[in-house]
Every structure is written in C-alpha cells, then in structure tokens.
Amino acid sequence: MSSTRTVDELVELSVRAGKALEGKPAEEIIAWAVETFGDRFAVTSSMADAVVAHLASRVAPGIDVVFLDTGLHFAETLRVRDTVARTIPVTIRSVRPELTLAEQDAEYGPRLYARDPDLCCSLRKVQPLEKVLAEYDAWAAGLRRDESPTRAKTPVVHFEYARNKVKVNPIAAWTDEDVNAYIERYDIPVNQLLSNGYGSVGCWPCTRRTAAGEDPRAGRWAMFDKTECGLHTPGSLLGEPQEVQSVS
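Computed from a prediction, not measured in an experiment: that's the story for all the values here.

1. What about the pairing of strand 6 (residues 165-168)?
Thought 1: Alternating residues of strand 6 divide into K165 and K167 and V166 and V168, and every residue in both groups is buried.
Thought 2: Two elements, strand 4 (residues 138-140) and strand 6, share three bridges in a ladder whose sense is parallel. The residue bridging A138 from the neighbouring strand is V166, located in strand 6.
Thought 3: Between strand 5 (residues 157-160) and the antiparallel strand that follows it, strand 6, lie four residues; N164 among them carries a positive phi value of about 60 degrees.

Encoded structure:
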C-alpha cells in the first residue's frame, strides 16, 4: 500500500505526537503509530534484545520487524533473531545488502570494515535500510537517551528529515532498570554477549568488550572516531533537518 500522506502532513503528525506522547507508556506510543500508519509502520531491531519487538507484538500481533542481516553478525545475534521469529507473534524481515561479502571484497577490497567503516556500514546497513523503508511512512527503533551523549535528546516521536519518515522511539525515556524489569517480567530473549562483557553489540569485526566504567558503546568501532553506524544520525536523533550524506 502506497502512502497517502504528504511530507507536510507527516511533519505535522510527528510534531503533534512528539509533544502529546512525551512521558506516555511505550505501549501507548506504539499504539499511536499503529493506529496512525497501519501497515505503513514497522519496527526495527538489532537483536541485542527483543524488548521493542515484544512491545509491538502486544499492540499489533504480526507487525513487521526489520532486521538488517549484514552477514557480519555474531552467532548470538542471529540466535536472538531466530528465537524471536519462533516465539513472538511478529513478522521478521531479514534484509540483506545488495552485495554479498565476497562481492564487496572483490569491489572494494577485503576487510573494508577495518579501512573504511563508514563505507562498510553504508553498504551493509544504511543502504539496505533505505531500500526497505521505502515501503513505510514510519519506523520504530529501540534508542534510549541514557545510552550515549549523542542520544541524550532522542524524542519519542519526530520527523526524520533525512529520510522523510516519521521516527518512533517508544523506549527513549527508559533506563537500564526499566529494560531489565521488562525483560524479567516477560522473559524476553536477550543477546548472550551482553552478559559476557559487551556493552553494545554490532557486527563482530567492529565490536569489542567494554571495561568497567566505560560507556556502553565504547566497544563499537573502538579504533575509529565513530559512534554511530549511520542509521541514526545526530540530526535525526534531535529531530532536526539534515541532509543525507552520500558515500562515494
């Protein structure tokens, strides 16, 4: 089903909702998105845990959950995806890059992630997400304000000018304690790496364990001046207009 709303209408919707839904329960925020966008709304998940997928399934059983299958995930991450598909009433959409790893190596050289992680993330995450989001007007992610300084002002709903999409962050205001309580209450699948020294889990070549006291995302791209993969740009996190940066 194609969108029947203009960009101006989507902006207006997101501005109103961002104000009205601040401080509301995550389920209510997701319910607003489902009621507003129907099948033009999807949830994304990195499969660090299945909290947002489970929240969405309680509101809209069968909802699309997009997982970016980069080909470089830990086995533990894929295990969470498969467990979610088997045990939670959602529709998992595993989206793969246009190039296989072998094709990427042939075109850009081996170990691109070690030489140009921005380009690798663009090819294996950002571009596949852009392609699948063409089917939706709004999407949800599990961003939280307490995860890092770049996410501290994450709105619960805002318009993502870089993509002309409404972005929904239903657990933006949650703390670690909130997440852990929800996981315990509903027996949510969790990536085993998070209890094995990893503060945040991405692709295996670019993720290391974190030391005590380190920022949870310090183990991501530790050898580079890089804190985000490009899916959630700083301007997008603040709900501000921002141009999409192309990678050539």
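On we go from here.
2. Quick word on the sheet that holds strand 6
Thought 1: In spatial order, the strands read 3-2-1-4-6-5; together these six strands make up an open sheet with mixed pairing. Only two strands of the sheet have a single neighbouring strand rather than two, namely strand 3 (91-95) and strand 5. Across the sheet, the axes of successive neighbouring strands diverge by a mean angle of 30 degrees, strand direction being ignored.
Thought 2: As judged from the three bridges shared by strand 1 (residues 41-44) and strand 4, these two strands associate in the parallel manner. Considered in strand 4, the bridge of F41 is made with A138.
Thought 3: On top of the sheet, helix 2 (residues 26-37) reaches strand 1, strand 4, strand 5 and strand 6; it is set at about 155 degrees to strand 6, its chief contact.

3. What about unusual backbone geometry?
Peptide bonds are trans in most cases, and residues, glycine excluded, mostly fall at negative phi.
Thought 1: Phi at R111 is positive, roughly 55 degrees, even though this residue is not glycine.
Thought 2: Topologically, R111 is positioned in the loop between helix 5 (101-108) and helix 6 (112-115).
Thought 3: Of note, the phi angle at N164 is positive, near 60 degrees, even though the residue is not glycine.
Thought 4: Since its relative accessible area comes to 37%, N164 is described here as partly exposed.

4. Remarks on the pattern of salt bridges
Thought 1: Within this structure, the stated rule accounts for 13 salt bridges.
Thought 2: Across the salt bridge formed by E12 and R16, the nearest N and O atoms sit 3.0 Å from each other. Taken together, the residues E12 and R16, both in helix 1 (residues 7-20) and four residues apart, mark about one turn of the helix.
Thought 3: For R16, a relative accessible area of 47% translates into the label partly exposed.
Thought 4: Among the charged side chains, a network of salt bridges with common partners joins D69, R81, D82 and R96.

5. What about helix 2?
Thought 1: Under the 1.5 Å per step criterion, the end-to-end length of helix 2 is 17 Å for 12 residues, consistent within 8% with the ideal 16 Å.
Thought 2: Along helix 2, the residues that are buried comprise A26, I29, I30, A31, W32, A33, T36 and F37.
Thought 3: Check the buried side of helix 2 and you find it contacts helix 1, strand 1, helix 3 (51-59), strand 4, strand 5 and strand 6.
Thought 4: At the C-terminal side of helix 2, G38 shows a positive phi close to 55 degrees.

6. Structural notes on the packing of helix 5 against helix 7 (residues 117-133)
Thought 1: One way to put it is that helix 5 packs onto helix 7 with a least axis distance of 12 Å and a crossing angle of 140 degrees. Here helix 5 lies oblique to helix 7, going by the angle between them. Between helix 5 and helix 7 lies a crossing of right-handed hand. Contact residues: L101, Q104 and Y108 in helix 5; L119, C120, L123 and R124 in helix 7.

7. As for the confidence of the model for the chain
Thought 1: When the pLDDT values of the chain are averaged, the result is 88; 87% of them are 70 or greater.
Thought 2: Taken together, the stretch residues 225-230 has pLDDT below 50 and engages in 20 contacts with residues farther than four places along the chain or on a different chain.
Thought 3: The low-confidence segment residues 234-248, where pLDDT is below 50, has 29 contacts with residues more than four positions distant or belonging to other chains.

8. With respect to the packing of aromatic side chains
What characterises a pair of aromatic rings is the spacing of the ring centres plus the angle enclosed by the ring planes.
Thought 1: Evaluated as defined, the whole model comprises six aromatic pairs.
Thought 2: Ring geometry for F74 versus Y198: centroids 5.6 Å apart, planes at 65 degrees, classification edge-to-face. Placement of F74 in the loop between strand 2 (64-68) and helix 4 (75-87) and of Y198 in the loop between helix 8 (176-186) and helix 9 (234-238) is noted, with a sequence separation of 124 residues between them.
Thought 3: Among the residues examined, F74 registers a relative accessible area of 13% and is labelled buried.
Thought 4: By relative accessible area, Y198 is classed as buried at 11%.
Thought 5: Each member of the aromatic cluster is reached from another via a ring pair, and the members are W174, Y182 and Y186.

9. Observations concerning the environment of A75
Thought 1: Inspection of the secondary structure puts A75 in helix 4.
Thought 2: A residue is classified by how much of its surface remains accessible, and A75, at 46% relative accessible area, is partly exposed.
Thought 3: When the C-alpha positions of A75 and W204 are compared, they lie 9.2 Å apart, and in sequence the two are 129 residues distant.

About the thresholds
- Residues numbered from 1 in each chain as written.
- Predicted model: local features only at pLDDT ≥ 70, side-chain atom pairs only at ≥ 80, totals over all residues.
- Heavy atoms only, no water.
- Buried < 20%, exposed > 50% of the residue type's maximum accessible area, 1.4 Å probe, protein only.
- Helix = DSSP H or I, 4+ residues; strand = E, 2+ residues; numbered from the N terminus.
- Pairing = 2+ DSSP bridges.
- Axes fitted to C-alpha atoms, helices over the stretch in contact; angles between N-to-C directions.
- Contact = heavy atoms within 4.5 Å.
- Salt bridge = Lys/Arg side-chain N within 4 Å of Asp/Glu carboxyl O.
- Expected span 1.5 Å × (residues − 1).
- Parallel < 35°, antiparallel > 145°, perpendicular 65-115°, else oblique.
- Left-handed = near helix turned anticlockwise from the far one by under 90°.
- pLDDT = per-residue confidence, 0-100.
- Phe/Tyr/Trp six-rings, centres within 6.5 Å; stacked < 30°, edge-to-face > 60°.

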